[in-house]
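Coordinate inspection notes
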Amino acid sequence: MGFWEKLRAFFGGQAAGEKKPRAPRTQPTDPDALWLHFRCKRCGSVVRVRAHKRNDLNRIEEEEALPGVFVLHKDVMDNKCFQLMHADIYFDASYQVVSADVQGGELISQEEYEAAQQPSATPRGA
Ligand SMILES: [Zn+2]
């Protein structure tokens with residue numbers, strides 16, 4: 001890559017002839033979908049899980065004295081070390097995460113997930 005291409009890439013432009021690296025972010029509208037992102041504590045790989053607001057979330061009873069309005073119990077498995085993560089995610093009435101308890105992993109943001117998806121230290125076709 002020449003100096004000017006580097007400079008252009010640095011300022012957010014695309015190098016000439018470069019194809020779009022991935023599909024546009026617009027996904028089919030799926031109002032009942034909740035996307036959750038996890039990172040495995042053992043191998044560090046990231047997993048994306050789709051939950052259904054109505055099917056997968058349980059309303060929290062008052063006597064349970066738990067945070068939030070809904071709870072999601074999910075077993076999540078990454079595709080690298082296949083360790084099962086046990087997640088209890090608590091949501092408020094607008095389906096925002098208020099608390100998360102993940103055994104064997106951690107809840108991460110979509111940004112962290114996407115950052116982890118970037119090709120890392122493995123150069124191709126060098
Ligand atoms: Zn793992």
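Note that this is a predicted model, so its numbers are computed, not measured.

A few points about the environment of Phe91
Structurally, Phe91 is set in strand E5 (residues 84-91). On the basis of neighbour counts, which here come to 22 C-beta atoms within 10 Å, the residue Phe91 falls in the buried class. Separated by 31 residues in sequence, Phe91 and Ile60 place their C-alpha atoms 9.6 Å apart. Phe91 has contacts with Leu57, Gly68, Val69, Phe70, Gln96, Val97 and Val98, leaving out every residue within four places of it along the chain.

Some remarks on the sheet that holds strand E4 (residues 70-77)
The antiparallel open sheet is built from four strands, whose spatial order is E3-E4-E5-E6. Looking along the sheet, the strands with just one partner apiece sit at the ends: strand E3 (58-59) and strand E6 (97-103).

A look at the sheet that holds strand E1 (residues 33-40)
Sheet architecture is open: three strands sit in the order E2-E1-E7, paired in antiparallel fashion. Each edge of the sheet is formed by a strand with only one pairing partner; in this case those strands are strand E2 (46-52) and strand E7 (105-108). When strand polarity is set aside, the average angle formed by the axes of neighbouring strands in this sheet is 35°.

Considering unusual backbone geometry
Despite not being glycine, Phe82 has its phi angle at roughly 60°, a positive value. Relative to the assigned elements, Phe82 resides in the loop between E4 and E5. Here Phe82 falls in the exposed class, since 10 other C-beta atoms lie within 10 Å of it.

Points about the nonpolar core
Within the largest apolar cluster, 13 residues are counted, with the highest numbers of intra-cluster contacts made by Phe38, Met85, Ala87 and Ile89. Only E1, E4 and E5 provide two or more residues apiece to this core. Examining the composition of this core, we find that four residues originate from one element, E5, more than from any other. The contacts of Met85, once residues within four sequence positions are left out, are Phe38, Cys40, Val76, Val102, Gln103, Gly104 and Gly105.

Procedures and definitions
Residues numbered from 1 in each chain as written. Predicted model: local features only at pLDDT ≥ 70, side-chain atom pairs only at ≥ 80, totals over all residues. Helix = DSSP H or I, 4+ residues; strand = E, 2+ residues; numbered from the N terminus. Buried ≥ 20, exposed ≤ 12 C-beta atoms within 10 Å, placed from the backbone. Contact = placed C-beta atoms within 7 Å. Pairing = 2+ DSSP bridges. Axes fitted to C-alpha atoms, helices over the stretch in contact; angles between N-to-C directions. Core = buried A, V, L, I, M, F, W, Y, C linked by C-beta atoms within 7 Å.

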